[in-house]
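What follows is the residue order along each chain.
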Amino acid sequence: MQPLKVHMNPTKLYRYRTDAIEGGNRESHYMAVVNEVEKRPGLKVTPSVAGNDERKRLWMMMLIRRFEERTYQEYTKPGQRIGGFCHLYSGQEALAVGAAAIFQKGKDYLFNGYRDHGHSLALGMDPKPAMAELFGRTTGCSKGKGGSMHFFQAEVGNMGGHGIVGAHIPLGAGAAFACKYKKTGGVCFTFFGDGAVNQGTHNEALNLASLLKLPVIFIIENNGLAMGTQVARHSAEKDLSKRGLGYAMPTKSIDGNDVDVVISELKAAADYCRAGNGPTYICANTYRFRGHSMSDPLKYRTKEEAEKARLRDPITIYEHRLREKGVLDDATFEEMENDVAAIVNEAVQFADQSPHPDVSEMYKDILAEQYPLQK
Ligand SMILES: Cc1ncc(C[n+]2csc(CCOP(=O)(O)OP(=O)(O)O)c2C)c(N)n1
Ligand SMILES: [Mg+2]
């Protein structure tokens, strides 16, 4: 074994794990993280004195993780104040933060499935209305009527969370059509899970987007599972990036846990779209640390698999890289940890003190039954 040559307290890593590895030796796991990161090619970086943007990215990933873990606690503790469907994003943060790094507000759109807290925070949603939405309060981003699966912030182009698997993929193509038609230069980031590639909507949207050369980036957040069903058990073609090949568009499989990789690949894809070349298709490989939703006994995966995946925690990978670059030290990291903890605490307080919607709100904000052309 190599000597431990980095500068941080190994216990800190565990703050970014969703659950401690039972009976595990912390130091050896820490070493494993270091080794895993070190042996990966392309991670050597030149030292920088700036690092502001990088620190912000790390901070955002930490905020999302803290938000999600607090959501888990609030959901599961006695006197539960969060109800309904709730899907956590822990482990997939590099994707939302990477996309947000190149997303052009006021021009671009982002469509998403129901695992949507991370993308919304990364696009700048205040954690207070985000948490209030989970608590079902009027101050929530969807007035407390949408809950976890329906975070929206239309004014920044965050076109929200959608609960029906694959149903939003054509909506993403539609927004891209609007960008092209209006010549705005905008691109639509359309995220969906590996389970959604088997929906007819996925294939219909890909075909039309390519035919019409729409500026849309189709991004599979391949966490390897659709509920409890592994990709190998639900997809005849195991390499999901190939699922875009029949539609004459560039496809690529990428590391979805490395925020730098995500940024550079999505930047290339966005440039391609903005230049009028049509859509691109990216399979971003990642892992969700928690269950599918809140009541998931996780029986479909082994302890070994989960432990291995934790070695590639996107936060740890990036934290380590920034330390190597010399743009992050213990004090700054601790400050960031305290900062995100305080922000999430405040969000919970805000949510808890906000009122529930009045019963008179029940029939507002729903689809009108009378259509303009209806007699
Ligand atoms: C059309 C439709 N079928 C089934 C469901 C039930 N369902 C909810 S989530 C899910 C799995 C989707 O997995 P994936 O697309 O990989 O997304 P992930 O949860 O991994 O983010 C299923 C089958 C649904 N919501 N909509
Ligand atoms: Mg999945």
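**Student:** Would you mind showing me how to read the nonpolar core here?
**Tutor:** One broad trend across soluble globular proteins is that nonpolar side chains are buried collectively. Ranked by size, the top nonpolar core spans 81 residues in total, and within it Met61, Ile64, Cys188, Phe189, Val216 and Ile217 carry the most contacts. A total of 7 residues in this core trace back to one element, the largest contributor, which is helix H3 (residues 52–76). Discounting chain neighbours no more than four positions away, the residues touching valine 216 are Gly172, Ala173, Ala176, Cys188, Thr190, Ala209, Cys273 and Pro279.

**Student:** Sorry, what's going on with the confidence of the model for the protein here?
**Tutor:** Atom-level detail of predicted coordinates should not be read off regions where pLDDT is low. Per-residue pLDDT for the protein has a mean of 89; in total, 86% of the residues score no lower than 70. Across residues 1–14, where pLDDT falls below 50, the model places 18 contacts with residues more than four positions away in sequence or in other chains. Throughout residues 19–49 the model reports pLDDT below 50, and contacts reaching past four residues in sequence, or to other chains, amount to 32 contacts.

**Student:** Help me understand the site of ligand 1, please; the structure alone is not making it clear to me.
**Tutor:** Around ligand 1, the surrounding shell holds 15 residues, and the nearest of these are Val165, Gly193, Asp194, Gly195 and Ala226. In terms of residue class, the shell around ligand 1 is built from 6 nonpolar, 6 polar and 3 charged.

**Student:** Would you mind going over helix H10 (residues 259–274) with me for this structure?
**Tutor:** Think of an α-helix as 3.6 residues a turn; residues three or four steps apart then line up on the same face. An ideal rise of 1.5 Å per residue puts 22 Å on 16 residues; H10 measures up with 22 Å between its terminal C-alpha atoms. Considered for burial, the residues of H10 that qualify are Val259, Val262, Glu265, Leu266, Ala269, Ala270 and Cys273. One face of H10 carries all of its buried residues, which in axial projection span an arc of 135 degrees. In the core, the buried residues of H10 are packed alongside H3, helix H4 (93–102), strand S4 (216–222), strand S7 (251–255), strand S8 (280–285) and helix H12 (314–325). At the exit of H10 stands glycine 276, carrying a positive phi of roughly 90 degrees.

**Student:** What should I look at first to understand H4 in this one?
**Tutor:** Most of H4 is tucked away, with 8 of its 10 residues classed as buried. Among the residues making up H4, those that are buried are Glu93, Ala94, Leu95, Ala96, Val97, Gly98, Ala99 and Ala100.

**Student:** Is there a simple way to explain the sheet that holds S7 in this structure?
**Tutor:** Pairing between the strands of a sheet comes from backbone hydrogen bonds, and it takes one of two forms, parallel or antiparallel. Reading across from one edge, S2-S1-S3-S4-S8-S7 is the order of the 6 strands in this open sheet, with parallel pairing throughout. The sheet is open, and its two borders are formed by strand S2 (158–161) and S7, each paired with just one other strand. Pairs of neighbouring strands in the sheet enclose a mean axial angle of 15 degrees, with direction left out of account. Pairing analysis gives 6 bridges linking strand S3 (residues 188–193) to S4, with the strands arranged parallel. Paired with phenylalanine 191 across the bridge in S4 is isoleucine 219.

**Student:** Please explain the environment of phenylalanine 111 as it appears in this structure.
**Tutor:** Take phenylalanine 111: it is sitting in strand S1 (residues 109–112). Along the backbone, phenylalanine 111 and proline 170 are 59 residues apart, and their C-alpha atoms lie at a distance of 9.8 Å. If near-sequence neighbours (up to four positions away) are discounted, phenylalanine 111 is found in contact with Met159, His168, Leu171, Gly172, Ala175, Cys188, Thr190 and Phe191.

The rules behind each value
- Every chain begins its residue count from 1, and numbering advances along the sequence as written.
- Written order decides the labels, with chains lettered from A and ligands numbered from 1.
- Totals for whole chains, interfaces and linings use all residues, but because this is a predicted model, local features are given only for residues with pLDDT of at least 70 and pairs of side-chain atoms are given and counted only at 80 or more.
- The term nonpolar core refers to a group of buried residues, namely Ala, Val, Leu, Ile, Met, Phe, Trp, Tyr and Cys, whose C-beta atoms join them within 7 Å.
- The burial label depends on the number of other C-beta atoms within 10 Å of a residue's C-beta. Counts of 20 or more mean buried, 12 or fewer mean exposed, and intermediate counts mean partly exposed, with C-beta atoms placed from the backbone.
- By definition, any uninterrupted DSSP run of H or I lasting at least four residues is a helix, any uninterrupted run of E lasting at least two residues is a strand, and each is numbered from the N terminus.
- Any pair of residues counts as being in contact when their C-beta atoms, constructed from backbone geometry, are within 7 Å of one another.
- In predicted models, pLDDT denotes the confidence assigned by the predictor to each residue on a 0 to 100 scale.
- To decide whether a residue is near a molecule or strand, its C-beta atom is placed from the backbone and checked for lying within 6 Å of it.
- Residue classes follow a fixed rule: Ala, Val, Leu, Ile, Met, Phe, Trp, Tyr, Cys and Pro count as nonpolar, while Asp, Glu, Lys and Arg count as charged, and any other residue, Gly among them, counts as polar.
- Residue count minus one, scaled by 1.5 Å, sets the expected span of a helix.
- Relevant arc is that of directions from the helix axis to the C-beta atoms, nothing else.
- Each pair of strands is called paired provided DSSP finds at least two bridges between the two strands.
- Axis lines are fitted to C-alpha atoms, over the contacting stretch for helices. Their N-to-C directions set the angle, which ranges from 0 to 180 degrees.

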